[in-house]
Amino acid sequence: MTKSDITLRLFDPADAPWIAQRHGALYRDADGFDDTFEPLVASILDAFCAGHDPARERGWIAERAGQRLGTIFCVDQGENIAKLRLFSLEPEARGQGLGFQLLRTCVNFARDAGYAEMQLWTHESHKAACALYERNGFRLLSSKPVRSFGQDLVEQAWARDLKTPL
């Protein structure tokens, strides 16, 4: 797989069932998440489809030859803060720069849409994603142990000033 054969396109509501299913499967396989996670993802997507502002909120799908490889979303969190959501990559697409490409697209969109800051929520166990965030100007705001999705996890909040593009 090369970067040149991957395209990023805007999210279409027809992508929602695939995104929910893949998030559920990827998090179940990697982290042992229970069956409560996929419905949460589906509810996030339902809310996005029902009422997002396309000038300030977007989702992207990474594809190669029509095969979906990853997702990322920017949503309005209020108070001029963008929230990064539903960021995932299929295992075969990892380690090739696609995560950075998706992150850059999302961060730069948020900046261009006028947000001052971007925040996200993740888990400490997602080491590659956390390293990607840190390399690209995100700072860890908080870290706390939680019991979520049938697992003991360390929940993290990260933020990045959007004055400069990625």
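Our subject is the structure listed above.
Quick caveat, the model's predicted, so the values are computed rather than measured.

Asks: I'd like a rundown of the overall build of the protein, residues and numbers included.
Replies: When helices and strands are tallied, the protein shows four helices and seven strands. The helix and strand sequence of the protein, counted from the amino end, reads β-α-α-β-β-β-α-β-α-β-β. Expressed as a percentage of the 166 residues in the protein, the buried residues total 46%. Within the protein, contacts between residues separated by at least 24 positions form 63% of all contacts whose residues are at least 6 apart in sequence. Carbon and sulfur atoms make up 51% of the accessible area of the protein, which amounts to about 8,200 Å² in all. One finds the centroid of the 20 positive side-chain charges in the protein at a distance of 5 Å from the centroid of its 23 negative side-chain charges.

Asks: Tell me about unusual backbone geometry, and please be specific about residues and values.
Replies: Its identity as a non-glycine residue notwithstanding, Glu79 has a phi of 55°, on the positive side. Within the secondary structure layout, Glu79 lies in the loop between strand S3 (67-78) and strand S4 (81-89). Residue Glu79 is classed as exposed on the basis of its relative accessible area, which comes to 77%. Look at Asn80: it is not a glycine, yet its phi comes out positive at around 60°. On the secondary structure map, Asn80 appears in the loop between S3 and S4.

Asks: Could you give an account of the layout of surface pockets, naming the residues involved and the relevant values?
Replies: Approximately 810 Å³ is the volume attributed to the largest pocket. What lines the largest pocket is a set of 37 residues, among which Tyr27, Phe87, Ser88, His126 and Ala129 lie closest to the centre. Broken down by secondary-structure element, the contributors of at least two residues to the lining of the largest pocket are helix H1 (16-31), helix H2 (37-51), S4, helix H3 (98-112), strand S5 (117-123) and helix H4 (127-135). The leading source of residues in the lining of the largest pocket is S4, at seven residues. Residue classes in the lining of the largest pocket are distributed as 22 nonpolar, nine polar and six charged.

Asks: Pulling in residues and values, what's your account of H3?
Replies: For H3, built from 15 residues, the straight-helix expectation of 21 Å at 1.5 Å per residue is met to within 8% by its first-to-last C-alpha distance of 21 Å. Among all positions of H3, only Leu98, Gly99, Gln101, Leu102, Leu103, Cys106, Val107, Asn108, Phe109 and Ala110 are buried. Once H3 finishes, Gly114 follows within two positions and takes phi at roughly 100°, a positive value.

Asks: Hey, could you go over the packing of aromatic side chains for me, with residue numbers and the actual values?
Replies: As enumerated under the stated definition, the model contains twelve aromatic pairs in all. Ring geometry for Tyr133 against Trp158: centres 6.2 Å apart, planes inclined by 55°, an arrangement best described as tilted. Remark: Trp158 occurs in strand S7 (residues 151-161) and Tyr133 occurs in helix H4; sequence separation between them is 25 residues. For the pair Tyr133 and Trp158, one class covers both residues: buried. Through a chain of ring-to-ring contacts, three or more aromatic side chains come together here, namely Tyr27, Phe33, Phe37 and Phe149. Positioned above the aromatic ring of Tyr115 is the side chain of Arg56, whose terminal nitrogen or guanidinium carbon lies 3.8 Å from the ring centre.

Analysis parameters
Residues numbered from 1 in each chain as written. Predicted model: local features only at pLDDT ≥ 70, side-chain atom pairs only at ≥ 80, totals over all residues. Heavy atoms only, no water. Helix = DSSP H or I, 4+ residues; strand = E, 2+ residues; numbered from the N terminus. Buried < 20%, exposed > 50% of the residue type's maximum accessible area, 1.4 Å probe, protein only. Contact = heavy atoms within 4.5 Å. Areas by Shrake-Rupley, 256 points an atom, 1.4 Å probe, with all protein chains shown as cover. Lys, Arg positive; Asp, Glu negative; His and termini not counted. Charge placed at Lys NZ, Arg CZ, Asp CG, Glu CD. 1 Å grid on protein atoms, 1.4 Å probe; cavity = no way out; pocket = protein on both sides within 12 Å on 5 of 7 lines; lining within 4 Å. Points joined across faces, edges and corners; volume = space filled by probe spheres on them. Nonpolar A, V, L, I, M, F, W, Y, C, P; charged D, E, K, R; others polar. Expected span 1.5 Å × (residues − 1). Phe/Tyr/Trp six-rings, centres within 6.5 Å; stacked < 30°, edge-to-face > 60°. Lys NZ or Arg CZ within 6 Å of the ring centre and 35° of its normal.

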